[in-house]
Amino acid sequence: MTIALASALLLAAQGPIARACTPCRTKPSDNLITFSPLFGKNRPLLSSFVLLDADGLPLDQSFYETLPPTSADIGVLVNPTSFRVHQGVSFRLLVDGRLLAIPQPLDITIVGSGSTRSIDLQALNQEVISDFSFNALTQALSLSTMGTQNILVQETHEALGLSYAFTGLQVRSRFSRGIFMRVFEPARAIVFREDHGNASTWEITLTRTTVKGSRTYRATNIRVPRGGYLRVSYAKWEAANGRPTLTVVSARPNSTSTSVPLRLI
């Protein structure tokens, strides 16, 4: 009940903020990093929202700007600051769940030119530090943590009246240590996997939208073996009569690919 109430409050608070700030606060060459509001009792967690480099050292301040909250705190919610990070700059955040007083959902969103990436946690683990990272060179977004279930990661692309949304929900993974998503632009592909190569179970939702409407495909209860990953290909989906493909790829050296049926919903 607490988590459900938290999600409802956060959605209510985030809608106007996202519509107000995202287009006007992102330069074409930058990435805008935003966070969902926190419960007032969890205000100490704000100290975790510090950009770091790949080695865990403070990120060079010439690579980014710190932006104040877009609006005043809303009732029981506290609005974190945002960051405008220059294009091509990788970063990390170490979010210390031990600072939480009560369970806290958290969404971290990266808004760039024509794309949006996000990781959504139903509840941060209150016992560990969760490591969020974005590698600008490989276009990989990942979360390393422990004991966190139902982690959602999403990538959206928009260009010339055509948009895609690729969503991976990692479910029932009590041994999961996080989530990983990488984009392969030339091949028009997205890879999803458990961040440390453990076995995992997924739900994948894929949506293509044009001025004529949307088409959404979904696959549920997808089991990925240890060391394997999921690969979404949308190269042939660019055509109006095309569709995406989804495969489970097993671990090397004897890697195999198994097609996963997608149903139109």
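Residue positions are given per chain, counted from 1 along the sequence in the order it is written. pLDDT decides what is reported in this predicted model: residues at 70 or higher carry local features, side-chain atom pairs at 80 or more are listed and counted, and totals for whole chains, interfaces and linings draw on all residues regardless. The side-chain values count all of the structure's non-hydrogen atoms but skip hydrogen atoms and water molecules.

### Topic: the overall build of the protein
Secondary structure assignment for the protein yields one helix and 20 strands. Burial classification: accessible surface area is computed with a 1.4 Å probe over protein chains only, and a residue below 20% of its type maximum counts as buried, one above 50% as exposed, and the rest as partly exposed. By the burial criterion, 47% of the 265 residues in the protein qualify as buried. Pairs at least 24 apart in sequence give 62% of the contacts found in the protein among residues at least 6 apart. Split by element, the accessible area of the protein, about 13100 Å² in all, is 55% carbon and sulfur. By the criteria applied, helices consist of DSSP H or I runs no shorter than four residues and strands consist of E runs no shorter than two, each listed in order from the N terminus. Residue contacts are defined here by distance: any two heavy atoms, one from each residue, within 4.5 Å place the two residues in contact. Using a 1.4 Å probe, the Shrake-Rupley method yields the accessible areas, and only the shown protein chains count as cover for residues.

### A word on empty space enclosed by the protein
Cavities and pockets are defined on a 1 Å grid built over the protein atoms alone: a cavity is a set of grid points where a 1.4 Å probe fits but cannot escape, while a pocket is an open set with protein on both sides within 12 Å along at least five of seven lines, and lining residues are those with an atom within 4 Å of any such point. Grid points are joined across faces, edges and corners, and a volume is the space filled by probe spheres set on the points. Applying the stated criterion to the full structure yields one cavity of 30 Å³ or more. Roughly 30 Å³ of internal volume is contained in the largest cavity. As for the largest cavity, its lining consists of F91, L93, I108, I110, F132, S133, F134 and L141. Top element by residues in the lining of the largest cavity is strand β9 (residues 129-135). It accounts for three residues. Only Asp, Glu, Lys and Arg are considered charged in this grouping, and only Ala, Val, Leu, Ile, Met, Phe, Trp, Tyr, Cys and Pro are considered nonpolar; every other residue, Gly among them, is considered polar. By residue class, the composition of the lining of the largest cavity is seven nonpolar, one polar and no charged.

### Observations regarding the packing of aromatic side chains
The criterion for an aromatic pair is that two Phe, Tyr or Trp rings (for Trp, the six-membered ring) have centres within 6.5 Å, with stacked assigned to planes under 30 degrees apart, edge-to-face to planes over 60 apart and tilted to the rest. This model, assessed by the stated rule, comprises ten aromatic pairs. Their ring planes at 55° and their centres at 4.9 Å tell us that Y164 and Y234 sit as a pair that is tilted. Here Y164, found in strand β12 (residues 162-171), pairs with Y234, found in the loop between β17 (229-233) and β18 (245-249); they are 70 residues apart in sequence, far enough to count as distant. Accessibility classification places Y164 together with Y234 in one group, the buried group.

### Remarks on the environment of H196
Tracing the sequence through the fold places H196 in the loop between β14 (189-194) and β15 (200-210). In sequence terms H196 and T145 are 51 residues apart; their C-alpha atoms lie 9.7 Å from each other. Setting aside chain neighbours within four positions, we find H196 in contact with S144 and R177. Here a polar contact is recorded for every N or O atom pair within 3.5 Å, except that within protein the pair must consist of a potential hydrogen donor and a potential acceptor, and residues adjacent in sequence are included only if both atoms are side-chain atoms. In terms of polar contacts, H196 uses its side chain to reach the side chain of S144, at 3.4 Å.

### Let's talk about the sheet that holds β17
Strands are treated as partners if at least two bridges between them are detected by DSSP. Strand order across the open sheet formed by eight strands is β6-β9-β10-β13-β14-β17-β18-β19, with antiparallel pairing between neighbours. Either end of the sheet is taken by a strand with one partner, and the two such strands are β6 (91-96) and β19 (257-259). Pairwise comparison of adjacent strand axes, ignoring direction, gives a mean angle of 15° for this sheet. All axes are obtained by fitting lines to C-alpha atoms, using only the stretch in contact for helices, and the reported angles, taken between N-to-C directions, cover 0 to 180 degrees.

### A few points about the nonpolar core
Residues F91, F132, F192, I204, I222, L230 and L246 are the most contacted members of the largest nonpolar core, which totals 50 residues. The leading source of residues in this core is strand β16 (residues 213-224), at four residues. Only buried residues count toward a nonpolar core. Its members are Ala, Val, Leu, Ile, Met, Phe, Trp, Tyr and Cys residues joined through side-chain atoms within 4.5 Å.

### Here's the deal with the sheet that holds β12
Strand order across the open sheet formed by ten strands is β3-β5-β1-β7-β8-β11-β12-β15-β16-β20, with antiparallel pairing between neighbours. The open sheet has two free edges, formed respectively by β3 (64-67) and β20 (263-264), since each of these has just one partner strand.

### Re the confidence of the model for the protein
Confidence scores per residue from the predictor, reported as pLDDT, run from 0 to 100. Of the residues in the protein, 89% reach a pLDDT of 70 or more, and the chain-wide mean stands at 87. When the elements of the protein are averaged for pLDDT, helix α1 (residues 2-25) gives the smallest value, 37, and β18 the largest, 98. Contacts of residues 1-26 to residues separated by more than four positions or lying in other chains number 34 contacts, the stretch itself having pLDDT below 50.

### Here's the deal with the pattern of salt bridges
Salt bridge, as used here: a side-chain nitrogen of Lys or Arg that lies within 4 Å of a carboxyl oxygen of Asp or Glu. Counted by the stated rule, this structure contains seven salt bridges. Two residues, D30 and R84, come together in a salt bridge whose shortest N-O distance is 3.8 Å. Of this pair, D30 sits in strand β1 (residues 30-35) while R84 sits in strand β5 (residues 82-86), and the two are 54 residues apart along the sequence. A relative accessible area of 11% places R84 in the buried class. For R84, the salt bridge goes to E65, with nearest N and O atoms at 3.5 Å. Separated by 19 residues along the polypeptide, R84 in strand β5 and E65 in strand β3 bring together distant segments of the chain.

### Examining the side chain of T109
When you line up the elements, T109 lands in strand β7 (residues 106-112). T109 gets classed as buried once you look at its relative accessible area, which sits at 12%. Engagement of the side chain of T109 in a polar contact is seen with the side chain of D107, the distance being 2.6 Å. Setting aside residues up to four positions removed in sequence, T109 forms contacts with L32, I33, T34, T116, R117 and S118.

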